[in-house]
Amino acid sequence: MIKRLTSLLPVIIGVLCLTFALLHMVPGDPVDVMLGESASPADRELLKVQLGLDQSLYMQFGQYVSNILKGDFGVSIHTQTPITQLLAQAYPATLILAFTALSIGLLIGIPLGIWSALKAGHWQDVMVTMVSIRLAAMPAFWLGPVLMLVFAVWLGWLPVSGMSSPASIILPAVTLGLGLSAILTRMTRTSLLEVLNEDYIRTARAKGLSERQVLLKHALRAALLPLVTIVGLQMGSLLAGAVITETIFSWNGIGRLLVDSIEKRDYPVTQACVLVIALSYVLINQATDLAYRWLDPRTRGAR
Amino acid sequence: MKTFSLSTLAFWLFAVIMAHIVGTNPNHTDLEAILQWPSLQHWLGTDDLGRDILARVIRGVEVSFMVTVIVTAVTMTIGISIGLIAGYKGGKLDHALMQLTNIFLAFPGILLAIAFAAVLGAGINNLILALCLTGWVTYARLSRGQTLALRERLHVLAAESLGASSLRVMLLHILPLLISILLVEAAYSMASVMIAEASLSFLGLGIQAPNASWGAMLRDAVRFMLVAPHYVLTVGVCMMSLILAINLGGDVLRDKLDVRSESRS
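Just so you know, these numbers come straight off a predicted model, no measurement behind them. (Residues numbered from 1 in each chain as written. Chains lettered and ligands numbered in written order. Predicted model: local features only at pLDDT ≥ 70, side-chain atom pairs only at ≥ 80, totals over all residues. Heavy atoms only, no water.)

This part covers the environment of Lys217(A). Residues and elements named next belong to chain A. Turning to its location among the elements, Lys-217 is positioned in helix H10 (residues 211-248). Look at Lys-217 and you get exposed, because its relative accessible area is 57%. Expressed as a C-alpha distance, the spacing of Lys-217 and Ala-204, which sit 13 residues apart in the sequence, is 9.6 Å. (Helix = DSSP H or I, 4+ residues; strand = E, 2+ residues; numbered from the N terminus. Buried < 20%, exposed > 50% of the residue type's maximum accessible area, 1.4 Å probe, protein only.)

To continue, consider the interface of chain A and chain B. Accessible area lost when the parts come together is the quantity often used to give the size of an interface. Opposite the 41 residues of chain A that make contact, chain B presents 40 residues. In total, about 3,600 Å² of surface goes out of reach between chain A and chain B, with carbon and sulfur atoms giving 86% of it. Across the chain A-chain B interface, the total number found is one salt bridge. Glu263(A) serves as the salt-bridge partner of Arg219(B), at 3.9 Å between the closest nitrogen and oxygen. For the pair chain A and chain B, the interface holds one residue pair in polar contact (both at pLDDT 80 or more). (Contact = heavy atoms within 4.5 Å. Buried area = accessible area lost by both parts, 1.4 Å probe. Salt bridge = Lys/Arg side-chain N within 4 Å of Asp/Glu carboxyl O. Polar contact = N/O pair within 3.5 Å; in protein donor to acceptor, adjacent residues only side chain to side chain.)

The next thing to look at is the packing of aromatic side chains. For the structure shown, the criterion picks out five aromatic pairs over all chains. Taken together, a centroid distance of 5.4 Å and an interplanar angle of 25° make the contact between Phe141(A) and Phe202(B) stacked. Of the two residues, Phe141(A) sits in helix H7 (residues 140-154) while Phe202(B) sits in helix H7 (residues 166-202), which places them in two different chains. Note on Phe141(A): relative accessible area 1%, which makes it buried. Each member of the aromatic cluster is reached from another via a ring pair, and the members are Phe20(A), Phe61(A) and Tyr64(A). (Phe/Tyr/Trp six-rings, centres within 6.5 Å; stacked < 30°, edge-to-face > 60°.)

What follows concerns the packing of helix H2 (residues 53-89) of chain B against helix H5 (residues 124-150) of chain B. All names here are of chain B. Orientation of H2 relative to H5, taken along the N-to-C sense of each, is 40°, at an axis distance of 5 Å. Considering the relative orientation of H2 and H5, their crossing is right-handed. For the contact of H2 with H5, the class distribution of residues is 22 nonpolar, eight polar and one charged. (Axes fitted to C-alpha atoms, helices over the stretch in contact; angles between N-to-C directions. Left-handed = near helix turned anticlockwise from the far one by under 90°. Nonpolar A, V, L, I, M, F, W, Y, C, P; charged D, E, K, R; others polar.)

All names here are of chain A. In this model, helix H4 (residues 57-69) (13 residues) spans 18 Å end to end at C-alpha, consistent with the 18 Å of a helix rising 1.5 Å per residue. Those residues of H4 that fall on the buried side of the exposure criterion are Gln-60, Tyr-64, Asn-67 and Ile-68. Along the axis of H4, the buried positions cluster into a sector of 95°, meaning they face one direction only. The exposed set on the far side of H4, more than 90 degrees from its buried face, consists of Tyr-58 and Leu-69. In the core, the buried residues of H4 are packed alongside helix H1 (2-24) and helix H12 (267-295). Just downstream of H4 lies Gly-71, where phi reads positive at about 80°. (Expected span 1.5 Å × (residues − 1). Arc of directions from axis to C-beta.)

Residue and element names in this part refer to chain B. One number sums up the size of the second largest pocket: a volume of about 540 Å³. Sorting the residues of the lining of the second largest pocket by element identifies helix H1 (2-22), H2 and helix H9 (229-257) as the ones contributing at least two each. Take the lining of the second largest pocket: its biggest share by element is seven residues, from H1. For the lining of the second largest pocket, the class distribution of residues is 13 nonpolar, seven polar and three charged. (1 Å grid on protein atoms, 1.4 Å probe; cavity = no way out; pocket = protein on both sides within 12 Å on 5 of 7 lines; lining within 4 Å. Points joined across faces, edges and corners; volume = space filled by probe spheres on them.)

Once that is clear, we can look at the confidence of the model for chain B. All names here are of chain B. Averaged over all residues, the pLDDT of chain B is 82; the fraction at 70 or higher stands at 94%. Low pLDDT, under 50, characterises residues 261-265; the stretch is placed with eight contacts to residues that sit more than four places away or in other chains. Note on the complex model: pTM 0.83, ipTM 0.79. (pLDDT = per-residue confidence, 0-100.)

Turning next to the confidence of the model for chain A. Detail in the predicted coordinates should be disregarded across regions flagged by low pLDDT. Per-chain confidence: chain A averages 81 in pLDDT, with 98% of residues scoring 70 or above. Looking over chain A, one finds the lowest element-wise mean pLDDT in helix H13 (residues 297-300) of chain A, namely 67, and the highest in helix H5 (residues 83-118) of chain A, namely 88.

All names here are of chain B. Where nonpolar side chains cluster on the molecular surface, the patch consists of Leu-13, Phe-14, Ile-17, Met-18, Ile-21 and Val-22 and spans about 620 Å² of accessible area. Secondary-structure assignment places Phe-14 in helix H1. Take Phe-14: its relative accessible area is 52%, and that puts it in the exposed class. (Patch = residues over 30% accessible without salt bridge, like charges linked within 9 Å, V, L, I, M, F, W, Y side chains within 5 Å. Areas by Shrake-Rupley, 256 points an atom, 1.4 Å probe, with all protein chains shown as cover.)

Here it is as structure tokens:
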């Protein structure tokens, strides 16, 4: 356990280096780019000191890391608000969106996948497969507007965008969740079909258990296990997909904060958003890894 | 599946060639005819500046395809080189290179490409650069894994004992055996590069106005969704057909080359 956590350290340091390097990848002088040509020399000097650009690169990096360890991400150039405060407002919104989308994905994906596997080769299976392939090919920035057009504009059932009512979450979450459900459907189907061919399933059937008992007690437990890893990996695409979805639906999460900061050339905010999303992803992956080890009796004893 | 994939690709190729023969101008504006519904004159209608949507969609395919091919070629070359060297040489170099790929993998999806494009500034060149900087990782991992296994093969050991240089072994004895798996991976990742390009353009980080690109068109289309819903629908359907065709083309290629889908989780 501790060994696994220390193996994360190089990755985290690397992530810090890359996000730190972002500011230095700005072509020309970042101060010029952020403030524009017309800024007064005093303002430029202030920003330069604020960003630590007057110090050596090593000093800057050390300062950057130690500030982050203290939970201080600097201030937004645009509004002078502490970035930690901006993140604290936006992050929960993204988490709520991601978990709602995940629930939608699981609630649609797993039952459909099971059904599809049980009907393997029949028309129901073919239909589910066709639909899920198409859904997986549908990028969020198209699915989102189409859902918005149909359910908010034409039918008027749901709010178009914003976060004013609890129903506002439905459209963005469905946009994110549908793509996920397509992947989960296919994974569940493949995994269950594999398990149903195992010897112990034949044994269970041979000892006279009903199909239902075979499925619920023996097959599903083993079949759903690999999904833990998939879900962990997909949380990453949910976080990244949230960037687009949140922009479309004006959902004030971290993705929208990122896109806003890019448009305003508020690079410290951009850096902070990228860092927070990446670190969340690393931690989620680590957590799923541990969960898998704990759930799977075969790997529980190992290391 | 195969026919759908091939016919869709052929259709778009035909459309691009026809557009060049007929000489449509995707940037021709006509402010008297903005946001029109499909008609005989404009088969898919017009956009907010009176430009022909069909002409712009076709130009969008061209741009998108060009970006995708360049990015795929560059990322494949970089990724394979890194993977081959890491897998074949092993040791500290391997460790360092894999640590580097792990760092890149810590950024989910197109997040890193968004970040790079944001700081580099908008435009097609920076878009390609951003996608290249982030796209090599999967190829590197895949070719390293394959190389690790192939390194122990008899014909490789034989070549080594005959005194072949590392470069010769890597290029002539290992690369040919892993190229089919990488081609299948490339076919699939072309679709994701295409989506990534459109996503970045959608966010305003990619191809700039007045040039046509699907992402930028969708961005406009969403703004005018209330008055011209056909705009967002047609652009989306066109884009989906191409992405689906490429994905299915990947399946066909995988079956043809008899590659087991171990590269896809």
